[in-house]
4 protein chains.
Amino acid sequence: MYQIRTDLALETQEKMQQDHVELKGVRFLEEKVDRNLTISTVVIETENGAKTMGKPKGTYITIEAGNMDEEDEDYHREISIQLAKTIKSLIRGKKEEQSVLVVGLGNRAVTPDALGPRVVDNLFITRHIVKEYGKYAFGTDKVNRISSIVPGVMAQTGMESLEIIKGIIDETDPDLVIVVDALAARSTKRLNRTIQVTDTGINPGSGVGNHRHGINEKSLGVPVISIGIPTVVDAATIVNDTMYNLITAMGQSETLNNLGSSLGELNEAEKYELIRELLSPNLNAMFVTPKDIDESVKRLSFTISEGINIAFMGGKQLEYGK
Amino acid sequence: MYQIRTDLALETQEKMQQDHVELKGVRFLEEKVDRNLTISTVVIETENGAKTMGKPKGTYITIEAGNMDEEDEDYHREISIQLAKTIKSLIRGKKEEQSVLVVGLGNRAVTPDALGPRVVDNLFITRHIVKEYGKYAFGTDKVNRISSIVPGVMAQTGMESLEIIKGIIDETDPDLVIVVDALAARSTKRLNRTIQVTDTGINPGSGVGNHRHGINEKSLGVPVISIGIPTVVDAATIVNDTMYNLITAMGQSETLNNLGSSLGELNEAEKYELIRELLSPNLNAMFVTPKDIDESVKRLSFTISEGINIAFMGGKQLEYGK
Amino acid sequence: MYQIRTDLALETQEKMQQDHVELKGVRFLEEKVDRNLTISTVVIETENGAKTMGKPKGTYITIEAGNMDEEDEDYHREISIQLAKTIKSLIRGKKEEQSVLVVGLGNRAVTPDALGPRVVDNLFITRHIVKEYGKYAFGTDKVNRISSIVPGVMAQTGMESLEIIKGIIDETDPDLVIVVDALAARSTKRLNRTIQVTDTGINPGSGVGNHRHGINEKSLGVPVISIGIPTVVDAATIVNDTMYNLITAMGQSETLNNLGSSLGELNEAEKYELIRELLSPNLNAMFVTPKDIDESVKRLSFTISEGINIAFMGGKQLEYGK
Amino acid sequence: MYQIRTDLALETQEKMQQDHVELKGVRFLEEKVDRNLTISTVVIETENGAKTMGKPKGTYITIEAGNMDEEDEDYHREISIQLAKTIKSLIRGKKEEQSVLVVGLGNRAVTPDALGPRVVDNLFITRHIVKEYGKYAFGTDKVNRISSIVPGVMAQTGMESLEIIKGIIDETDPDLVIVVDALAARSTKRLNRTIQVTDTGINPGSGVGNHRHGINEKSLGVPVISIGIPTVVDAATIVNDTMYNLITAMGQSETLNNLGSSLGELNEAEKYELIRELLSPNLNAMFVTPKDIDESVKRLSFTISEGINIAFMGGKQLEYGK
């Protein structure tokens, strides 16, 4: 069947509702923090729910910040604080001190895929300092040990990200892995305005670079929290969706009402068949991204790294000017 | 009227033919150099031709290299040599020695727009050496003086590229300006496989970054040769075109033949109206680009810079390993 | 005569004092703002003073911030605010609104020389917005128009920075030019801890890249304020100075007191002759820089850009997360 | 005792000779390939030899290429071919097909330390292709599987490079590890003109970034070949050496012959004591590097990656334009 490419559970849930698919085993909550900040939670509770949604069981929290693509220091700080809270809410069996490995997935050389590597550039890294000087170097008796890695992409390394991360985890034994990645959305409206935080990791086919292996608690053996921002829409998706709208619109169009009846007679399968015939095969290797993606990625990577810094280092030791 | 966004004169010419528009004042030539290398020349000879084509009078030479998006050192060298010939064919009133300013347009931080800046990184720059040590530093008595500039984009500089280039030209007085820019095509098939070389410069609305002012002989006062490779398609164009195909196909579809008659009755204007209604306004600020754009831009920028090096420095002094 | 390579007027003045050279036509002021922040002002008032100091007439203000090489957000903000005040104090004949061109000198690809280009990355650029939408886009009726350029270095462009800047100024007509550059100090103690702000521009032989032409009010025709941070010491200087100390120490050493009398008999000229004989000629093309220069340049470039943003945009519209 | 900081076994050997230290358990060979290419081999055969040299037992091959800091494509290709031979000569128990992990050590953001990361950028990576499509994708039945990693530096990752590499090796099980790193020399003459290839790996205190743990066969469990080019000299070393020369010269100086006798009476220990007293403590955190280091690192990283490509992929599939 026709599969919409989106990494956002929220978009899948919306599409299901729109298509009147009954969602069993999936809970949905929405909280308006203020006019420009909405927190939605999709909890996939059963294997059946996971199957319908096409996503693993777990909690998917979405921070929608309508103006996140604009510059406003206070607003971005508010989002970072909200992100810190959201991250903490997904940590189970909290230890007093945690060893956390932050992984920046993606390709630094492709602007919309550089989110993960750029988040890592701005983190407050402490593991080596604690290891060498003790935690008293920070003037407190509880310090989380933060480490990070940018594994690169397979075309550069010849290895799966999973292989690299797994090796490092076996060697350094963190309590928690945080994976940051650029995502694909279904709608251009979501780009650079949405943060998804989950406890399900990164799963095959997701991310701008389409990971082939899951990076999750099952494959790594430690809990994984993933943080993602959609920065692209698959080119096929965008054309698909617009054409679907066209066919639907034609079925309702006043000026085309003699067509309406005929198109109305097409069922979903026939519509998809029609679209598939017309889609250029080139489009599969293409993505759609905003023209100002460099500024957005620069800004958003800072917002995420600040969120992680606040979550684990209390924000007091925030690095300056990075 | 509905305007296709393409910077390639070849695509405009093709579209005109396809729409059975009579092209007066436009000449077209095609030469197959070999199986994988075709040179097409569009010459817009009259103001009328320019108006129909929506492009200024002048010569537009297109090197189509079907495998240019792949790695093959010999093939790329062949393209560079062809590019060198093409550049030379557009230089008028050749002086024995030339002073050439190469301008790398575009935004280095946005992968598909980084072509111009990256070409400049690999040029063999000689102007300062000739100025300081004389041309005998090169062991010959004729040396072209090559200089270059990456002006940056308006969001970074607060200035039009035109203002920066014009100022530098007034100060350094080159005989010729070569402008390198990433272009927008209409079809994804052309991306990273086509080099357009023209004597018309860069004109308003062209390039990935949509220049607002012409960078051409008229605005600069010296001849301008522009070299471009399409690296993106406008998102609106891609959706537009696919939908146009859909409507056309529906008008011919066997399975939909009762629709056919009705859609066949829509004229062009009605088709465009229908499409416009359905297009998301977000799409105007979006572009479509291949997922492996980083590798392509890296490779193609080298092919272009080598072409320029061969054209002006005979290839003997080619820089190594850059 | 033996010439110490330093771009800091403060170091020249100190050396003169240490050598008991009488400084006529030079005024010196020092103000301790707090324990970690000292402002020194050297004013060279006469041509004679300029000759003795080896620097043009004008005002050289040095902000010495002992901990500037460390991370501390509040401390860096304090420095930025101090820098903003210092910049403003050097603007003559203040207009209500200014058009300011900020020039980031240096080579982005050489870490200690990347200060200028990186400062420009973080500026709040407004000229194009005011030009397109009017100053009311900022919600006020007075807005300074900020533009910027990174001219690159001669090996990349084939042109002098002066030629590029002069051309752009003729074309865009700013009221004021601010030039940011990485400097060479005489002492490693000053590296990354000192900001020099002057109204004399950048002069031949100064900067990490050793500019060959002055970039100053005389050459540009508009007032020039230069801002620099020393990030390197010339390798020859460091060896020179240590050897000078050695010879001097030997003349005073207890364990070497029978040498003392002999070395004591060498005059300054003989000491320099001795040093010159022993210096490796390679050293002239070398510089000395701290191992953690990447972190320092990242941090300091932000401190300077913030200072400029505060000076001209009041700090209200400071960009976030850059 | 006073320890000279150099990563080049050749320099240590030279210094020993110069100081008339008898080297037992160390073999030395020199071969002049042509006027501009010399291959020296230092083999440390016994534990005693290792102790005297301050370096582990093993083979250290040095390719000295007097003009390697210049641009000359043919010359650089000759060096690459020589490097390929040298690498192959150090592989023990050759298997028909090898799985090779290339590690690019160092900090990409610090120009002279970026050699390792930049070498990795230009490698021909095959492991993922062989894994997915089989070796027949290359049209041959024997293909080495090349993978690579840029681990980053401890300040960025919070982890030792050793931890990262060890983890990846345990996971991906290569037959051979090649480690590329920028080195510190004792003499500025060697900078950017020397390649050292060893079978001893990278050892504590070596490299521009001063690694704290050995990356070698003992710590990794697989053979390690290390390739390094000296790009810096420690600032303390350069001053030390020049002062040592000064003291020695004074002991022989004609114009200072009454000093001579006294300085001649100082033993080595007294000379070092004298130098140590005068050395600035700041110098320990400083390095000396050539001003044109960016061009050198760009060129040399390509020469090394080409050498590795030739050694393992026969040079046929060399990537173009990278």
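Quick note: structure is the one above.
Since we're looking at a predicted model, the values are computed, not measured.

Rules used in this analysis
Residues numbered from 1 in each chain as written. Chains lettered and ligands numbered in written order. Predicted model: local features only at pLDDT ≥ 70, side-chain atom pairs only at ≥ 80, totals over all residues. Heavy atoms only, no water. Least-squares fit on C-alpha atoms with pLDDT ≥ 70 in both. Contact = heavy atoms within 4.5 Å. Helix = DSSP H or I, 4+ residues; strand = E, 2+ residues; numbered from the N terminus. Expected span 1.5 Å × (residues − 1). Buried < 20%, exposed > 50% of the residue type's maximum accessible area, 1.4 Å probe, protein only. Axes fitted to C-alpha atoms, helices over the stretch in contact; angles between N-to-C directions. Parallel < 35°, antiparallel > 145°, perpendicular 65-115°, else oblique. Left-handed = near helix turned anticlockwise from the far one by under 90°. Nonpolar A, V, L, I, M, F, W, Y, C, P; charged D, E, K, R; others polar. Buried area = accessible area lost by both parts, 1.4 Å probe. Salt bridge = Lys/Arg side-chain N within 4 Å of Asp/Glu carboxyl O. Polar contact = N/O pair within 3.5 Å; in protein donor to acceptor, adjacent residues only side chain to side chain. Phe/Tyr/Trp six-rings, centres within 6.5 Å; stacked < 30°, edge-to-face > 60°. Pairing = 2+ DSSP bridges.

Observations concerning the relation of the copies chain B and chain C
Turning chain B through 180° and shifting it by 0.0 Å along the axis lays it on chain C, with an RMSD of 0.0 Å. These values place the two chain copies in the arrangement generated by a two-fold rotation axis. Using C-alpha coordinates, one finds that chain B approaches the rotation axis most closely at G167(B), a distance of 1.9 Å. The overlap is high: 100% of the interface residues of chain B also sit at the interface in chain C, so the same surface is used on both sides.

Some thoughts on helix α3 (residues 73–89) of chain A
In this model, α3(A) (17 residues) spans 24 Å end to end at C-alpha, consistent with the 24 Å of a helix rising 1.5 Å per residue. Buried within α3(A) are the following residues: Y75(A), H76(A), I79(A), S80(A), Q82(A), L83(A), A84(A), T86(A) and I87(A).

Here's the deal with the packing of helix α3 (residues 73–89) of chain D against helix α12 (residues 293–313) of chain D
All names here are of chain D. The geometry of α3 relative to α12 is characterised by a closest axis approach of 8 Å and an angle of 50° between their N-to-C directions. The orientation of α3 with respect to α12, classified from their angle, is oblique. Taken as a pair, α3 and α12 cross one another with a handedness that is right-handed. In this structure, α3 uses H76, R77, I79, S80, I81, L83, A84, I87 and K88 to contact α12, whose residues at the interface are R299, L300, T303, I304, E306, G307, I308, I310, A311 and F312. Taken together, the residues of the contact of α3 with α12 break down into eleven nonpolar, four polar and four charged.

Some points on the interface of chain B and chain C
Contacts between the two partners involve 25 residues from chain B and, on the opposite side, 25 residues from chain C. Roughly 2100 Å² of surface becomes buried between chain B and chain C when both sides are summed, with 54% attributable to carbon and sulfur atoms. Considering only the surface of chain B that becomes buried against chain C, M159(B), E163(B) and E171(B) emerge as the three largest contributors, covering 25% of it. On inspection of chain B and its partner chain C, the count reaches six salt bridges. In this structure, R212(C) and E132(B) form a salt bridge, with 2.7 Å as the shortest nitrogen-oxygen distance. Inspection of the chain B/chain C interface yields 14 residue pairs in polar contact (both at pLDDT 80 or more). Where the side of chain B that touches chain C is concerned, the elements lending two or more residues are α5 (127–133), β5 (145–149), α6 (154–157) and α7 (161–172) of chain B. With eight residues, the single largest contributor to the side of chain B that touches chain C is α7(B).

Here we look at the side chain of T38(B)
Residue and element names in this part refer to chain B. Topologically, T38 is positioned in strand β2 (residues 37–44). According to the relative accessible area criterion, T38 is buried, its value standing at 9%. At a separation of 3.5 Å, a polar atom in the side chain of T38 contacts the side chain of K32. Setting aside residues no more than four positions away along its own chain, T38 makes contact with E30, E31, K32, V33, T62, I63 and E64.

So, the packing of aromatic side chains
Residues and elements named next belong to chain B. Applying the stated criterion across every chain, the model contains four aromatic pairs over all chains. Summarising the aromatic geometry, the rings of F124 and F138 are spaced 6.2 Å apart at their centres and angled 80° between planes, so their arrangement reads as edge-to-face. One end of the pair, F124, is in the loop between α4 (115–121) and α5; the other, F138, is in the loop between α5 and β5, and 14 residues separate them in sequence.

Here's the deal with the pairing of strand β6 (residues 176–185) of chain B
Residue and element names in this part refer to chain B. Counting buried residues along β6, ten of its ten residues qualify, which places the element largely inside the surrounding structure. Burial of the side chains of β6 extends over both faces: L176, I178, V180, A182 and A184 are buried on one face and V177, V179, D181, L183 and A185 on the other. As paired elements, strand β4 (residues 99–104) and β6 share five bridges and run parallel to each other. Note that in β6 the partner of V100 across the bridge is L176. Here β6 runs beside strand β8 (residues 224–234); their pairing, made up of nine bridges, is parallel. When the bridges of β8 are listed, V180 appears paired with I227.

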